[in-house]
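Okay, here's what each chain looks like letter by letter:
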Amino acid sequence: LEFGSADDMNEASSELLRGIRVAPSILSADFARLREQVGEVLDAGARIVHVDVMDGHFVPPITVGPLVVAALREQVGQAGAMLDVHLMIERPERHVADFVQAGADSITFHAEATPHVAYTANLIRESGAGAGVAINPATPVGALAEVVELLDMALCMTVNPGWGGQPFIGHSPQKIERVRAIVGAETAVEVDGGIDPDTAPRCRDAGASVFVAGSAIFGSPDPGNAYLAIAAAAGAA
Ligand code: DX5
Ligand code: ZN
């Protein structure tokens, strides 16, 4: 395996991650109407669709895998949007190839889930996707420090991973500031958990640029309008 290329992610995805974006998480969508629900947020302007993958080990629940990424690929791609895959699974390096092949544009894995953080980030980039590292609320921001140059995105969890609909951890903005200070201006800082029109601007002020929202969008009777409300609050494109 040859390492070292810094921008293997496609240019369109790279451009999307440079902006202020709200990324609807399908975890809270109605999976029996997934295409329709994703269509509503794409029509409203969403350009990053967040897919939460859970393995029943790293976190207790089991959710979805590459099949669902593949099922969304065409619809999301035709809208000029990207698929942002958040792996809450142990040993993520073993599954990178399957998710890239399924159509993941970016893959974010947890620093707590593998002893091989740098290897995994390199592997994701070498496979042609954007690489992100996520840290749990209790994980110090220093976990990101030695891999900054390998990352397209840092994900600062604002709840403990595993479930949608949890309350935002109130002291997260101070941590987001420390994450931003470590990764610099060029790397996307994503926040995930409890994001709504109230918490998004607090995260934005602290340096976040990509705002994942699940229940605040798909728990609403009108996901398109709920997306727009968070996008407006966060100052998103
Ligand atoms: C939780 C997932 C989130 C989840 C967020 O572990 O990573 O992406 O969908 O849900 P809300 O926005 O409801 O907190
Ligand atoms: Zn997530």
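Residues numbered from 1 in each chain as written. Chains lettered and ligands numbered in written order. Predicted model: local features only at pLDDT ≥ 70, side-chain atom pairs only at ≥ 80, totals over all residues. Heavy atoms only, no water.

Participant: Looking at this structure, how should I read the overall build of the protein chain?
Facilitator: In terms of regular secondary structure, the protein chain is built from nine helices and eight strands. Here the C-alpha atoms of the protein chain give a radius of gyration of 16 Å, agreeing with the 18 Å that 2.2 N^0.38 yields for 237 residues. The 237 residues of the protein chain split such that 56% are buried. Long-range pairs, those at least 24 residues apart, make up 66% of the contacts in the protein chain with a sequence separation of at least 6. Here the protein chain displays about 9600 Å² of accessible surface, and carbon together with sulfur accounts for 51% of that area. The average position of the 14 basic charges and that of the 30 acidic charges among the side chains of the protein chain differ by 2 Å. (Helix = DSSP H or I, 4+ residues; strand = E, 2+ residues; numbered from the N terminus. Rg over C-alpha atoms; globule rule 2.2 N^0.38 Å. Buried < 20%, exposed > 50% of the residue type's maximum accessible area, 1.4 Å probe, protein only. Contact = heavy atoms within 4.5 Å. Areas by Shrake-Rupley, 256 points an atom, 1.4 Å probe, with all protein chains shown as cover. Lys, Arg positive; Asp, Glu negative; His and termini not counted. Charge placed at Lys NZ, Arg CZ, Asp CG, Glu CD.)

Participant: Could you clarify how one ought to interpret the pairing of strand β1 (residues 21–24) in this entry?
Facilitator: Remark: a regular strand shows side chains that alternate across the two faces of the sheet. Burial of β1 is two-sided: the residues Arg21 and Ala23 facing one way and the residues Val22 and Pro24 facing the other way are all buried. Relative to strand β8 (residues 210–213), β1 runs parallel, the two sharing four bridges. Along β8, the bridge assignment pairs Arg21 with Val210. (Pairing = 2+ DSSP bridges.)

Participant: Hey, could you run me through the packing of helix α6 (residues 172–183) against helix α7 (residues 199–206) in this one?
Facilitator: Two packed helices can be described by the angle between their axes and the distance between those axes. Two elements in contact, α6 and α7, have axes whose closest approach is 8 Å; the angle formed by their N-to-C orientations is 35°. Seen from above, α6 lies across α7 with right-handed handedness. Contacts between α6 and α7 involve Pro173, Ile176, Glu177 and Arg180 from the first element and Arg202, Cys203 and Ala206 from the second. (Axes fitted to C-alpha atoms, helices over the stretch in contact; angles between N-to-C directions. Left-handed = near helix turned anticlockwise from the far one by under 90°.)

Participant: Would you mind showing me how to read the site of ligand 1 here?
Facilitator: Near ligand 1 lie 20 residues; those nearest to it are Asp52, Gly162, Asp192, Gly214 and Ser215. One of the side-chain nitrogen or oxygen atoms of Asp52 is found 2.8 Å away from an oxygen atom of ligand 1. Contact between ligand 1 and Asp192: an oxygen atom at 2.7 Å from a side-chain N or O atom of the residue. In the complex, 100% of the free accessible area of ligand 1, which totals 380 Å², lies under the protein chains. The set of elements that each furnish at least two residues to the shell around ligand 1 consists of β2 (48–54), β3 (82–88) and β8. The element contributing the most residues to the shell around ligand 1 is β2, with three residues. Partitioned by chemical class, the residues of the shell around ligand 1 number eight nonpolar, ten polar and two charged. (Near = heavy atom within 4 Å. Polar contact = N/O pair within 3.5 Å; in protein donor to acceptor, adjacent residues only side chain to side chain. Nonpolar A, V, L, I, M, F, W, Y, C, P; charged D, E, K, R; others polar.)

Geometric values such as these leave the question of function open.
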